Amino acid sequence: MDPTSTPANNPPISLSLRRGKENIFMHCSIVVVSVAGMVLIRHSATTALSRVCGHSFTASKRPAQYVAFARQRVASSSPTLYSHDRHQHQAADAETRHDDDLNHRKYYSISGTGQRSKVNMKTNTGHDLQTDVPIKMGGGDSAPQPVETLLAALLGCTQATAVFVGRMMSPRLTIDKIYFDIEAYRDERGALESPIDIVPTIPARLQRVSGTVLVYFKKGSDVTDENMRILGEQTEARCPVANMLHASGCELDIRWMNGSDT
C-alpha cells in the first residue's frame, strides 16, 4: 500500500496536537488527525505522534504521510481504543448543538378562555383573538372558525416571508402588495366519525389548500419568470405555517403570479 494514499474505506482521522510531547488529544475510538496538506507540523508534535503511533517520524515528512500512517495504525488497533475520549467528545458536540439550537429558537405564547364554542385569546405580544363556529355546528358564529384563522395565518405568514425573500434575492425584488385568493377543504369524517373512542380512519387535517398569490412589485422592477419561481418556492419553504401544512401531509397547490402581467 502506498504510504501517502488515503483510500475511501480508511477510517476518518482527526488528531489534535499541541506543542510538547505530552499535550496530545484524541477524539474518537478509531481516530486521530485531520492535517491539511499545507499545514506544517512542529517537531515537538512529530515526537508526540511518534509516541502514539510507535513509529519514528522526522520533520521532513509530508503531512500526508503522517495521516496515512496514522490510518494504518488505527485500523489495526482495538475497537475500544480511546472510547472514553470519543464518548466525551460526542457528548460535548451534542451539548454544543443543543446550545446552538436554543440560541435560534423563537417562542410564541397565547392564553385564552373558552365558553361553549367561543374562545377569547390574548397573545404575549398584546393582541386579542377570537374564534367561534357556525350556528349549525352549535356555535354562535360570532368570530372566524379556527380553520379560517389557520388560513389567515398562512396568508399573513406568506406575506411577511415573501417580503423577506424578495429583499434578499439578487436582483432585489421590492414587493408593493400581494393579493391572495385561497381556498381549502377537509373531510368532515375525520372529526365526526364514530365511535368516538376510536381514532378516525380519515385524517381530520386540511387535505388541500389551493389558490393564487398575485404579487405587485415596485414600479420599474424587472421581474422574470425565474424570479417568480424562486420567490414562490422559497417563500413556501421558509414560511413556518406553510412548512407545517406541508409536513402534515396537506397538499399546497398555490400559483404565484406577477401582478404586472395581468
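Going by the structure above, here's the rest.
Every chain's residues receive numbers from 1 upward, in the order its sequence appears when written. With the structure being a predicted model, the display of local features is reserved for residues of pLDDT at least 70 and the display and counting of side-chain atom pairs for 80 or more, all residues being used for whole-chain, interface and lining totals. Heavy atoms throughout the structure, all of them, feed into the side-chain values; hydrogens and water do not.

## Topic: the environment of N258
Logical step 1: Residue placement: N258 occurs in strand β8 (residues 251-258).
Logical step 2: Under the scheme applied here, a residue whose accessible area is under 20% of the maximum for its type counts as buried, over 50% as exposed, and between as partly exposed, the area being computed with a 1.4 Å probe on protein chains only. Among the residues examined, N258 registers a relative accessible area of 7% and is labelled buried.
Logical step 3: For the pair formed by N258 and V223, sequence separation is 35 residues and the distance between their alpha carbons is 7.9 Å.
Logical step 4: Every residue in contact with N258, bar those within four places of it in the chain, is listed here: L214, V215, F217, V223 and M228. Note on conventions: DSSP H or I runs of at least 4 residues are helices, E runs of at least 2 residues are strands, and numbering of each starts at the N terminus. It only takes one pair of heavy atoms within 4.5 Å for two residues to be counted as in contact.

## Let's talk about helix α6 (residues 225-238)
Logical step 1: A helix is expected to span 1.5 Å multiplied by its residue count minus one. Over its 14 residues, α6 extends 20 Å from the first C-alpha to the last, a length consistent with the 20 Å expected when each residue adds 1.5 Å.
Logical step 2: Along α6, the residues classified as buried are N227, M228, L231, G232, T235 and E236. All buried residues of α6 lie within an arc of 150° about the axis, which places them on one face of the element.
Logical step 3: Those residues of α6 hidden inside the fold are in contact with α4 (146-168), β6 (175-186), β7 (206-217), α7 (240-248) and β8. Think of it as the arc spanned by the lines of direction from the helix axis to the C-beta atoms.

## Comments concerning the pairing of strand β4 (residues 118-123)
Logical step 1: The rule for pairing is simple: two strands pair if DSSP sees at least two bridges between them. Pairing between strand β3 (residues 110-115) and β4: 6 bridges, direction antiparallel. Bridge pairing in β4 links I110 to T123.
Logical step 2: Hairpin connection between β3 and β4: a loop of 2 residues separates the two successive antiparallel strands, and R116 in this loop has a positive phi of roughly 55°.

## Quick notes on the packing of α4 against α6
Logical step 1: The N-to-C vectors of α4 and α6 enclose an angle of 125°; their axes lie 9 Å apart at closest approach. Compared by their axis directions, α4 and α6 come out oblique. Between α4 and α6 lies a crossing of right-handed hand. Contacts between α4 and α6 involve T158, T161, A162, V165 and G166 from the first element and L231, Q234, T235 and R238 from the second. Think of each axis as a best-fit line through the C-alpha atoms, taken over the contacting stretch in the case of a helix, with angles from 0 to 180 degrees between the N-to-C directions. Orientation labels follow simple angle bins: below 35 degrees gives roughly parallel, above 145 gives roughly antiparallel, 65 to 115 gives roughly perpendicular, and whatever is left gives oblique. Two helices cross in a left-handed way if the nearer one is turned anticlockwise from the farther one by less than a right angle. They cross in a right-handed way if the turn is clockwise.

## Describing the pattern of salt bridges
Logical step 1: A carboxyl oxygen of Asp or Glu within 4 Å of a side-chain nitrogen of Lys or Arg is what we treat as a salt bridge. Overall, the coordinates contain 6 salt bridges when judged by the stated rule.
Logical step 2: In this structure, the salt-bridge partner of E251 is R208, at a minimum N-O distance of 3.4 Å. Within this pair, whereas E251 is found in strand β8, its partner R208 is found in strand β7, the two being separated by 43 residues in sequence.
Logical step 3: In this structure E251 comes out as partly exposed when scored by relative accessible area, which is 41%.
Logical step 4: A relative accessible area of 23% places R208 in the partly exposed class.
Logical step 5: Salt bridges linked by common partners bring R208, E251 and D253 together as one network.

## Topic: the nonpolar core
It is characteristic of soluble globular proteins that their nonpolar side chains tend to be buried jointly.
Logical step 1: Counting residues in each nonpolar core, the largest one holds 25 residues, and the members touching the most others are V209, V215, F217, L231 and W256.
Logical step 2: The set of elements that each furnish at least two residues to this core consists of α4, β6, β7, α6, α7 and β8.
Logical step 3: Leaving out residues up to four positions away in the same chain, L231 has contacts with A162, V165, G166, M169, I175, V215, F217 and W256. Residues belong to one nonpolar core when they are buried, are Ala, Val, Leu, Ile, Met, Phe, Trp, Tyr or Cys, and are joined through side-chain atoms within 4.5 Å.

## Some details on the packing of aromatic side chains
Aromatic ring pairs are reported here in terms of the distance separating the ring centres and the angle at which the planes meet.
Logical step 1: Here a pair means two rings of Phe, Tyr or Trp (six-membered ring of Trp) with centres within 6.5 Å. Their orientation is stacked below 30 degrees between planes, edge-to-face above 60, and tilted elsewhere. Going through the model one piece at a time under the given rule, you end up with 1 aromatic pair.
Logical step 2: Ring geometry for Y179 against Y216: centres 5.6 Å apart, planes inclined by 90°, an arrangement best described as edge-to-face. Here Y179, found in strand β6, pairs with Y216, found in strand β7; they are 37 residues apart in sequence, far enough to count as distant.
Logical step 3: With relative accessibility at 46%, the residue Y179 sits in the partly exposed group.

## Remarks on the side chain of S210
Logical step 1: Looking at the element boundaries, S210 is found in strand β7.
Logical step 2: Under this definition, polar contacts are N or O atom pairs within 3.5 Å; protein pairs additionally need one hydrogen-donor-capable and one acceptor-capable atom, and for neighbouring residues in sequence, both atoms have to be side-chain atoms. At a separation of 3.3 Å, a polar atom in the side chain of S210 contacts the side chain of R208.
Logical step 3: Aside from chain neighbours lying at most four places away, what touches S210 is D181, I182, E183, D253 and I254.

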